[in-house]
Amino acid sequence: MGAGHGAGATSPRILVFSTANISDPGIDLAGSQHRHYASSISTITVPCSSSIQPRWIVYALEHGFDGVFLAIDGDECAYLPDCNARSSRIAAQAQERLRPLGIALERVRMAALCSVCSEAFVKHMDEFAAQLAALPVEVAA
Amino acid sequence: MEHQELTTPSPDGEHRRIGVYICHCGGNISDFVDVAAVRDAVATDPNVVHAETTLFACSDATQHDMVERIQRDGLDGLVVASCSPKLHVPTFRAVSRRAGLNQFQYTQVNIREQCSWVHSDDRPGATAKATGLVRAGIGHASLSVPLEPVGVDTVPSALVVGGGVAGLRAAVGLADLGLSVTLVERTDHLGGAVGGLGAMFPSNQSGRELIAQLVDEVAARPTISVLLETELVAKSGTFGNYEVRLEGPAGTDPVTATVGVLVIATGFASYEPALGEYGYGIEGVLTLPEFTAMLDASPGPLHYRGRPVGSIAYVYCVGSRQPGGNEYCSKYCCTATAHVAVQVAARDDRVTQYHLYRDVRTYGVYELLYEEARKRGSVYLKYADDAPPDVERRGDQLVVTARDTLTGPAELEIPVDLVVLVTGMVAAPNHDLTSLLKLPLGSDGFYNEIHPKLRPVETVVDGVLIAGASQGPKTVSESVASALAAVAQSGAMLLNGRAELNPLVAVAGAACAWCGECAAVCPYDAISRVEVDGVAVAHIDPSACKGCGGCAPYCPNEAIDLLGVTTAQVEHMIDGMVGPVREEVLVS
């Protein structure tokens, strides 16, 4: 169990896009196991990580989130055999849109997360939060 | 063809009538989240007409109150903030239906697994987050539209592909449910892998006998028709009414049939070592299936090429659990080998048997076989993952060189008469069938189910079920259990005569200018070009769309929305999570 998260207001705000059948159960499992992560992290559920639209990522970063994490299905996707490649394309396209806005590309992060990956999820969140906290605050381009 | 409008609130200030229930879950939520503060924060939302906290949202009493409230206040949206959607979405969808509210205008918000339980050290933070999540749920519900499940009529018949133990048992079960069954088998005989086996663990019953029994059962049911040397070559239509084309031996006419479901039971192939892999190719080096066939073919003391066998080395995990190769464990081979060793010892207790293993996985009751093998003299030596044994022939002797990690660093040279490579299961080569059915494969090459625990035999292709070792390595009893699960699921799908499909599908909106990108990336052939008033646009067939949304990011006009997760809903959810304070916005 992680410790010392506490005061969510000061931690970077992270939006996680997660999938209903694969990563959501992993994130829920972190809850069942009472593994702590920062309360500034929230999740939106999609059926498949290939359905995340680049403009959602940009919207989140423009409207108050400090980072967006894509919990992708990887090889486990039940819908699309090339889900990995599709999800990478989405992240890359979002980053292309961030560049002219002067928003650091590191604010978008992606990793495969399985249905029992509770510990991995918390680790990803801790690492991402630390990485975001170290980024300089951008000024609009 | 019409395009669905996704936003219902009119911009002139007319608001939705949403009811919000925030659950204590006993204390599971309210011990760590100030649920009253959450209620107060969202009650003033112009789309909310009622907000309350409740000790248990799922209790009968609260469900009853919800139904009354929805009817009395004329609610057009329901938000329940409690546990994970995995638990009670069916409960509150049923509440909505009972109250006359469209079930897709209810939104579940997870403030337990994803809030109270993970922020129990941070009450202000957990309360602020829960407030954001509930606001997001209200935003989602405020853009919800009534949806009806896509209803389809189904025909009471099934196609079983594969005549092995799983396919045969499935055919018998389906027929006993009252469904008519067509079973196709690619080869000229029934039985599959099990049909070629002699004594099997744990009871020593032979595979041949088991299959003969099942074939008799099949023959006794006139509603099962068996087509040998026949393959499925085409499938069209939708779930409940698939038209399939079956091609038999040359000279026969292809058969077409209408079936409600397909049960895919195409089995596995045995791993074939490369020449030279652990000495494979050297005389006296056999795979486990080759060795069991040899045992089966001749009773009495063991002979190989006319000479008595006095010693055997079994090398485990050949082709299994190897990075870059087959990374998985086939989980039947350890037990099968222990069983073989017991049989060999029973025939001639002077045979020395060495087992060079990585881990012994004779799980459950099969542990007894492992114990019996050891009692009968089998010697187990554990080799390290990164130091596999070496097999070579010196003169007329085979020599296995290995280090036993349990007894010390010394290298052991074991002279033996036979080496048995304990090989596992690999996916059967079924490229044509896989691409015809558009079945997803796992990284191991076997067919993938929707959910390993909750939906273990269904695939994302509605009405296409998987059974037996086509899904992954299985013992006979596991194969039969999965075949019967596929039978039960087929019954659940077909016995009503009518089935409902998930209506949360993709829709192409007014911005569509037909470029074909979406159709090209849809593996389910759900998208086609149609003309509306002389203009070409994309049409997404709701009964073929799986609702993955994979097409949406490819649309250059961003014209595709996935119902239930539309762009407008996602943006409302993000706004809700961030909250009304916008001063800290990163980039203005």
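Residues numbered from 1 in each chain as written. Chains lettered and ligands numbered in written order. Predicted model: local features only at pLDDT ≥ 70, side-chain atom pairs only at ≥ 80, totals over all residues. Heavy atoms only, no water.

It is worth spelling out the sheet that holds strand β9 (residues 231–238) of chain B at this point. All names here are of chain B. Overall, antiparallel pairing links the three strands, which are arranged β9-β10-β11 in an open sheet. Either end of the sheet is taken by a strand with one partner, and the two such strands are β9 and β11 (255–259). Each adjacent strand pair in this sheet contributes to an overall mean axis angle of 20°, direction not counted. Inspection of the sheet shows strand β10 (residues 241–247) paired to β11 by five bridges, in the antiparallel sense. Among the inter-strand pairings, valine 244 is bridged to a residue of β11, identified as alanine 257. (Pairing = 2+ DSSP bridges. Helix = DSSP H or I, 4+ residues; strand = E, 2+ residues; numbered from the N terminus. Axes fitted to C-alpha atoms, helices over the stretch in contact; angles between N-to-C directions.)

Within a sheet, each strand pairs with its neighbour through backbone hydrogen bonds, oriented either parallel or antiparallel. Residue and element names in this part refer to chain B. Here we have five strands laid out as an open sheet, ordered β8-β7-β6-β12-β25, and parallel in their pairing. The open sheet has two free edges, formed respectively by β8 (224–227) and β25 (464–466), since each of these has just one partner strand. This sheet shows a mean twist of 20° between the axes of neighbouring strands, independent of strand direction. Taken together, the five bridges between strand β6 (residues 157–161) and strand β7 (residues 180–184) define a ladder with parallel strand orientation.

Here we take up the interface of chain B and chain A. Taken together, the 53 residues of chain B in the interface contact 63 residues of chain A. In this assembly, chain B packs against chain A so that about 4800 Å² is buried in total across both faces, 56% of it on carbon and sulfur atoms. Counting every contact that joins chain B to chain A gives two salt bridges. Taking the shortest distance from any N to any O, the salt bridge between Glu558(B) and Arg55(A) comes out at 3.3 Å. Summed over the shared surface of chain B and chain A, the result is 19 residue pairs in polar contact (both at pLDDT 80 or more). (Contact = heavy atoms within 4.5 Å. Buried area = accessible area lost by both parts, 1.4 Å probe. Salt bridge = Lys/Arg side-chain N within 4 Å of Asp/Glu carboxyl O. Polar contact = N/O pair within 3.5 Å; in protein donor to acceptor, adjacent residues only side chain to side chain.)

Residue and element names in this part refer to chain B. Only one face of strand β5 (residues 150–153) is covered, namely the face carrying Val150 and Val152; the face carrying Gly151 and Asp153 is uncovered. Of the strand pairs in this sheet, β5 and strand β26 (residues 498–501) are connected by four bridges, and their pairing is antiparallel. Bridge pairing links valine 150 to leucine 501 in β26. (Buried < 20%, exposed > 50% of the residue type's maximum accessible area, 1.4 Å probe, protein only.)

Looking now at the packing of aromatic side chains. All chains considered together, the criterion is met by 10 aromatic pairs over all chains. Residues Tyr37(A) and Phe121(A) carry aromatic rings whose centres are separated by 5.1 Å and whose planes lie at 85° to one another, so their mutual orientation is edge-to-face. In this pair, Tyr37(A) is assigned in the loop between α1 (23–32) and β2 (41–46) and Phe121(A) in helix α4 (residues 118–134), connecting sequence segments 84 residues apart. We classify Tyr37(A) as buried; its relative accessible area is 1%. Given a relative accessible area of 0%, Phe121(A) falls into the buried group. Taken together, the aromatic side chains of Phe201(B), Tyr363(B) and Tyr366(B) make up a single cluster linked through ring pairs. For the cation-ring pair, Arg374(B) lies above Tyr370(B), with the distance from its terminal atom to the ring centre recorded as 4.1 Å. (Phe/Tyr/Trp six-rings, centres within 6.5 Å; stacked < 30°, edge-to-face > 60°. Lys NZ or Arg CZ within 6 Å of the ring centre and 35° of its normal.)

This part is about the domain arrangement of chain B. Residues and elements named next belong to chain B. Under the domain assignment used here, chain B contains domain 1 (1–148), domain 2 (157–267 + 428–499) and domain 3 (277–424). Taken over C-alpha atoms, the centre of domain 2 sits 33 Å from the centre of domain 3. With both sides pooled, the region where domain 2 packs onto domain 3 buries about 1100 Å², and carbon together with sulfur makes up 60% of that total. Among the residues domain 2 hides against domain 3, the three largest losses belong to Phe201, Pro473 and Glu478. Together they make up 48% of the total. (Domains from an automatic or database assignment.)

For the structure shown, the criterion picks out one disulfide over all chains. Here Cys114(A) is linked by a disulfide to Cys117(A), with a sulfur-sulfur distance of 2.3 Å. Judged by the torsion about the S-S bond (105°), the Cys114(A)/Cys117(A) disulfide is right-handed. By the burial criterion, Cys114(A) is buried, and Cys117(A) matches it. No disulfide involves Cys334(B); its sulfur sits 5.9 Å from that of Cys317(B), the nearest cysteine. Cys334(B) sits in the buried class, given a relative accessible area of 9%. (Disulfide = S-S within 2.5 Å.)

Turning our attention to the environment of Ile527(B). Residues and elements named next belong to chain B. Relative to the assigned elements, isoleucine 527 resides in strand β28 (residues 527–532). Residue class for isoleucine 527 comes out buried when judged on its relative accessible area of 10%. Along the chain, isoleucine 527 and valine 181 lie 346 residues apart, while their C-alpha atoms are 31 Å from each other. With residues up to four places along the chain from it excluded, the contact list for isoleucine 527 reads Trp514, Cys518, Ala519, Cys522, Ala538, His539, Ile540 and Cys551.

Our next topic: helix α14 (residues 567–578) of chain B. End to end, α14(B) covers 17 Å across 12 residues, agreeing with the expected 16 Å (1.5 Å per residue, within 8%). Among the residues making up α14(B), those that are buried are Thr567(B), Gln569(B), Val570(B), Met573(B), Ile574(B), Gly576(B), Met577(B) and Val578(B). Along its buried surface, α14(B) packs onto β1 (14–19), β2 and α2 (54–62) of chain A together with α5 (123–142) and β30 (560–562) of chain B. Where α14(B) ends, the next residue or the one after it, Gly579(B), has phi of about 95°, a positive value. (Expected span 1.5 Å × (residues − 1).)

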